[in-house]
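Below are the chains, spelled out letter by letter.
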Amino acid sequence: MAITGPVPVVADRALLPPAAAAAGVAARPAIPARSATTAPVGPDGNTTCSLKEKYGKPCQLLGKGANGNCWLVRRHTDHKVFAVKEFRRKRESETRREYMKKLTNEYCIGTILHHPNIVETLDIIFEKGHCYEVMEVCEGGDLFEAIAAQSMTQDESDCIFAQLIHGVAYLHSTGVCHRDLKPENCLFDANNHLKIIDFGSADVVKSPFETQCRKSTGRCGSGPYMAPEEFTQSSYDGRKVDVWACAIIYLAIMFQRFPWHAAKPSDPNYASYVKSGCKTKFFDRLAQGPRELLRHMLEPDPEKRYTIQQCLDDPWVKSIRMCDECATTTTTTTTRHSHGRCSNKSSKK
Ligand SMILES: Nc1ncnc2c1ncn2[C@@H]1O[C@H](COP(=O)(O)OP(=O)(O)O)[C@@H](O)[C@H]1O
Ligand SMILES: [Mg+2]
Ligand SMILES: [Zn+2]
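Positions within a chain are numbered from 1, following the residues in the order the chain's sequence is written. Here the convention is simple: chains get letters from A, ligands get numbers from 1, in the order in which they are written. Per-residue local features are limited, in this predicted model, to residues with pLDDT of at least 70; the limit for side-chain atom pairs, both in listing and counting, is 80 or more; totals at the level of whole chains, interfaces and linings are taken over all residues.

### A few points about the pairing of strand β4 (residues 121-127)
Point 1. Bridging between β4 and strand β5 (residues 130-135) involves six bridges; their strand directions are antiparallel. Looking at the pairing, D123 lines up with V134 of β5.
Point 2. What makes two strands pair is DSSP finding at least two bridges between them. Helical segments are the DSSP runs of H or I of at least four residues, strand segments are the runs of E of at least two, and each set is numbered from the N terminus. Counted between consecutive antiparallel strands, the loop separating β4 from β5 contains two residues, among which K128 sits at a positive phi close to 50°.

Below, the structure written as structure tokens:
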């Protein structure tokens, strides 16, 4: 899905590092626009349904995605709020079996995951041909908005990255890979915790009874966040694809730009990255710690690419001072971060 927002849609050479601009390097793709949200329409405006009985009536559109719209509901019994994703109808191109597999896959994977950086999936309701997934609500907007606001400090950027890595490390430890990591699928709750959402493309690569991970098939994810092997191999390690996407997300946070449109040899920026031994100027603006880590995360050969555990063990990641509310491990810091949301702070120095 394309992303929108106040970030420039057309790549701006003025925003390139001067050396790259002078060398005539192809302009880096700006974080593109995402489609505008249309006016809210209730999923089931007129009929009384068990969703309404159990949780209340959808009252506010939280967001739209390719697989469904998400609504805020306020439970009448205790006024607690929830997010309800109403799945899209079956496409003509998919069989009922494929459609049901996608729905149940998303719900079943969601319900087994319990981590501070993963959204909690609570319930599923099938009703009158509609399917509703009930989740904890993330009312702080998404990471795309936070990136577009360009008000994150360096510490906040690093903290978000650390939360992302912790969330993905947990996912992989349960044998699940996400396969569609991008800023739109990273939300913030009311306490500014980063929450990974959207398990519609997730895959179980290892059950608790297996020792070996299975390869994933099918091209998932969104262009600039996709790993090179997704374009060239019919099966791939979905966990390595997630590691790649995390690195691209960090670059989007840092520069509001992608290093390339797609990690394909036909993309001039990606081709020059590979040719230079993964040392193009785009990365020079990163501090040494993240620059070295990202080189391992953006290793074109998935076999040599870092695992998420190696990312967690990286000295720079270990040194990141996560704000206390975000910390998923023991940390001494008590810093409070807004992560670019409702923040008047000046941008990175
Ligand atoms: N738990 C939630 N809290 C708040 N908003 C949510 C929540 N889950 C999803 N959304 C919003 O709904 C959008 C679509 O949900 P998502 O699960 O990503 O569906 P899709 O598979 O169609 O991308 C998200 O981009 C986000 O804006
Ligand atoms: Mg999504
Ligand atoms: Zn933080």
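Additional details are given in the paragraphs that follow.
### Here's the deal with the site of ligand 1
Point 1. Proximity of a residue to a molecule or strand is defined by its backbone-placed C-beta atom lying within 6 Å of that partner. Close contacts around ligand 1 come from 21 residues, with G63, G65, N67, C70 and A83 the closest.
Point 2. At the level of secondary structure, the elements contributing two or more residues to the shell around ligand 1 comprise β1 (58-65), β2 (68-74) and β3 (81-87).
Point 3. Each residue gets one of three labels, nonpolar for Ala, Val, Leu, Ile, Met, Phe, Trp, Tyr, Cys and Pro, charged for Asp, Glu, Lys and Arg, and polar for the others, Gly among them. Of the residues that constitute the shell around ligand 1, the class distribution is ten nonpolar, six polar and five charged.
Point 4. What fixes the domain bounds is an automatic or database domain assignment. Per-domain counts for the shell around ligand 1 show at least three residues from each of domain 1 (51-135) and domain 2 (143-319).

### Some words on the UniProt feature "binding site: ATP" (unreviewed entry) in the chain
Point 1. Taken from the UniProt record, the annotation "binding site: ATP" (unreviewed entry) applies to K85.
Point 2. The residues touching K85, leaving out its near neighbours within four places in the chain, are G68, C70, Y132, E133 and M135. UniProt positions are given in the numbering used here, feature names are shortened, and annotations may be inferred rather than shown by experiment. Note on contacts: each residue gets a C-beta atom placed from the backbone, and two residues are in contact if those atoms are within 7 Å.

### Quick word on unusual backbone geometry
Point 1. Positive phi, normally seen in glycine, also occurs at H79, with a value near 65°.
Point 2. By secondary structure assignment, the location of H79 is in the loop between β2 and β3.
Point 3. By C-beta crowding, H79 is classed as exposed, having 8 other C-beta atoms within 10 Å.
Point 4. Phi at Q150 is positive, roughly 50°, even though this residue is not glycine.
Point 5. Positionally, Q150 belongs in the loop between α4 (143-149) and α5 (154-173). Comment: burial labels come from other C-beta atoms within 10 Å of the residue's own C-beta, placed from the backbone, where a count of 20 or more is buried, 12 or fewer is exposed, and between is partly exposed.

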